[in-house]
Amino acid sequence: PVYHQFGHDAIDLFVFPTATTGSVVTIHSNDTTVGNGGELQFKKNAADTEDGEVLGKVTFFGEDEGNNNTQFAEIVASISESDETDEAGKLEFKVAESDGTNTAMTTGLLIEGEHATDGQVDVTIGAGSGSTTTIAGDLTVSGGDIVGPTDSDLSIKSDGNLTFVVDADADESSQKIHFKFDGTG
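Residues numbered from 1 in each chain as written. Predicted model: local features only at pLDDT ≥ 70, side-chain atom pairs only at ≥ 80, totals over all residues. Heavy atoms only, no water.

A look at unusual backbone geometry
Keep this limit in mind: Only DSSP runs of H or I reaching four residues or more are called helices, and only runs of E reaching two or more are called strands; each is numbered from the N terminus. Per-residue accessibility, obtained with a 1.4 Å probe over protein chains only, is compared with the maximum for each type, and a residue is labelled buried under 20%, exposed over 50%, and partly exposed between these values.
The backbone of Asn-67 shows a phi angle near 60 degrees, a positive value even though the residue is not glycine. By the secondary structure assignment, Asn-67 is in the loop between β4 (54-63) and β5 (69-81). A positive phi angle, near 55 degrees, is found at Asp-151, a position not held by glycine. Asp-151 sits in the exposed class, given a relative accessible area of 81%.

Describing the sheet that holds β4
Backbone hydrogen bonds hold the strands of a sheet together, and the pairing may be parallel or antiparallel. The criterion, for reference: Strand pairing follows a simple DSSP-based rule, namely that at least 2 bridges must link the two strands. To define axes, lines are fitted to C-alpha atoms, for helices over the stretch in contact only, and angles between the resulting N-to-C directions are given on a 0 to 180 degree scale.
With antiparallel pairing, the five strands of this open sheet are ordered in space as β4-β5-β6-β7-β8. Looking at which strands have only one partner, the edges of the open sheet turn out to be β4 and β8 (121-125). Taken pair by pair, the neighbouring strands of this sheet meet at an average axis angle of 20 degrees, ignoring direction. Two strands pair when backbone bridges link them, and β5 and strand β6 (residues 88-98) are joined in this way by eight bridges, in the antiparallel orientation. Looking at β6, one finds that Glu-81 is bridged to Ala-88.

As for the pairing of β6
Between the antiparallel neighbours β5 and β6 lie six residues, among them Thr-85 with a positive phi of about 70 degrees. Sheet topology note: the β6/strand β7 (residues 103-113) ladder contains nine bridges and is antiparallel. Counterpart to Lys-90 in the pairing with β7 is Glu-112. Hairpin connection of β6 to β7: four residues between the antiparallel strands, including Gly-100 at a positive phi of 95 degrees.

Here we look at the pattern of salt bridges
Note the cut-off: Every case where a carboxyl oxygen of Asp or Glu lies within 4 Å of a side-chain nitrogen of Lys or Arg is listed as a salt bridge.
As enumerated under the stated definition, the model contains two salt bridges in all. The salt bridge involving Lys-44 is made with Glu-53; its shortest N-O contact spans 3.0 Å. Exposure remark for Lys-44: the relative accessible area of 39% places this residue in the partly exposed category. Residue classification places Glu-53 among the buried positions, given a relative accessible area of 15%. Here Lys-94 and Glu-74 are joined by a salt bridge, their closest N and O atoms 3.7 Å apart. Taken together, the positions of Lys-94 in strand β6 and Glu-74 in strand β5 put the pair 20 residues apart, joining distant regions of the chain. Each member of the pair Lys-94 and Glu-74 is classed as buried.

See below:
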């Protein structure tokens with residue numbers, strides 16, 4: 001193994017390259033404080049950062065069937081809003097996708113902090129209307145709306161029964177289901 005010890009907070013870096021298991025990087029911390037642990041920090045110390053500026057990136061490469069070194073995935077952290085006291089960040093998970101001729105890195109999961117709105121983080125899943133998002137369990141919606149595409153159809157499909165339950169916790173009375181057509185009641 002390759003061993004490096006750094007003076008800052010007694011953090012050790014171990015690299016174990018082996019032919020059968022690959023390389024492992026371990027960040028080792030002896031801190032016993034509950035809220036502390038190992039940390040991998042990307043710090044951009046620029047004179048003046050701006051919106052959209054990339055702060056750090058982790059890339060994943062491997063060989064395709066033609067033995068070409070190919071990027072298959074990446075994680076990108078960047079600045080969404082850099083205004084002092086109104087900062088917001090953005091984190092993208094990208095994967096390779098192809099049209100059969102060209103391969104491109106495309107964001108499949110985007111997490112973005114909302115500036116000027118405390119406690120709000122927006123998440124976009126998928127890339128394009130042809131993408132499929134699979135939820136292997138229940139979906140809980142804390143807001144009041146499920147919004148479909150503008151000027152297009154929204155389909156809810158089931159191979160079994162489709163059940164609407166109103167007031168599932170039985171704490172209200174006189175609950176109704178309303179269907180609106182063309183924006184009217």
